[in-house]
Amino acid sequence: MSKKAIIAGGLLAVVATVGYVAMDLPPYGDEAAGTIVPAKRFRADENGAPGVAAAMGDQSNSGAQYGAATDAASDAASNAASDAASNAASNASIRAMSDAASDAASDAASDAASNAAIRSKSDAASDAASDAASDAASAAALRARVNAAADAASDAASDAASNAAIRSKSDAASDAASDAASDAAAEAASRSAIKANARASD
């Protein structure tokens, strides 16, 4: 309920209270001439002047009662309006605090969700970087092993070729030496035969 509605309700209650009190009180002043005054005059004719004074005193008492009732109604209206305003202010304050608490809770939840999303993205990026680094290290190690195997095979092939060449050279030298020795022996045998034949002829 809004503050204006509460104040309007309080004023309506005050107006109703004043109307009820005014309708419940006896007539005052000239309005009472048709009922109270003739009765008082009738008694005054029988009893003399004291009856008139009594009637005037009753009218004065009625006026005092009407004034007191009016003052009481006015005070009640003022108190009702004050209470209504106080209640409205209190309710508005409570609603303001509730709204502030709700907004604070909503902001806190939003901030927590944002921070969680940021941390999640950061963790995902960190995991991706770690995985990429691990994959790169594995690939580098594999390439290193492949390169090492290739280098070892190349070195082995080079060594084998070198050894084969050395062996080939050694075999060629051995064959040449053997051929040279054979040729030298044949030549020596030929010269010996020639000398022998020459001696025989002599």
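Quick caveat, the model's predicted, so the values are computed rather than measured.

(A) Up close: the overall build of the chain. Of regular secondary structure, the chain possesses three helices and zero strands. Going residue by residue from the N terminus, the α and β elements of the chain occur as α-α-α. Per-residue burial over the chain gives 8% buried out of 202 residues. Here the chain has roughly 14,600 Å² of accessible surface; of this, 58% comes from carbon and sulfur atoms.

(B) Broad picture of the environment of Lys 4. For Lys 4, the position within the fold is in helix 1 (residues 3–24). For Lys 4, a relative accessible area of 73% corresponds to the exposed category.

(C) Spotlight on a negative patch on the surface. Together, Asp 99, Asp 103, Asp 107 and Asp 111 make up a negatively charged patch on the protein surface. Take Asp 111: it is sitting in helix 3 (residues 49–201).

(D) Main features of the pattern of salt bridges. Applying the stated criterion across every chain, the model contains one salt bridge. Here Arg 191 makes a salt bridge to Glu 187, at a shortest N to O gap of 2.8 Å. Of the two residues, Arg 191 and Glu 187 both sit in helix 3, four residues apart, roughly one turn of that helix.

(E) Fine view of the confidence of the model for the chain. Predicted confidence across the chain gives a mean pLDDT of 76, with 75% of residues reaching 70 or more. Looking across the chain, the model is least confident in helix 2 (residues 36–47), with a mean pLDDT of 45, and most confident in helix 3, with 82.

Rules used in this analysis
- Residues numbered from 1 in each chain as written.
- Predicted model: local features only at pLDDT ≥ 70, side-chain atom pairs only at ≥ 80, totals over all residues.
- Heavy atoms only, no water.
- Helix = DSSP H or I, 4+ residues; strand = E, 2+ residues; numbered from the N terminus.
- Buried < 20%, exposed > 50% of the residue type's maximum accessible area, 1.4 Å probe, protein only.
- Areas by Shrake-Rupley, 256 points an atom, 1.4 Å probe, with all protein chains shown as cover.
- Patch = residues over 30% accessible without salt bridge, like charges linked within 9 Å, V, L, I, M, F, W, Y side chains within 5 Å.
- Salt bridge = Lys/Arg side-chain N within 4 Å of Asp/Glu carboxyl O.
- Lys, Arg positive; Asp, Glu negative; His and termini not counted.
- Charge placed at Lys NZ, Arg CZ, Asp CG, Glu CD.
- pLDDT = per-residue confidence, 0-100.

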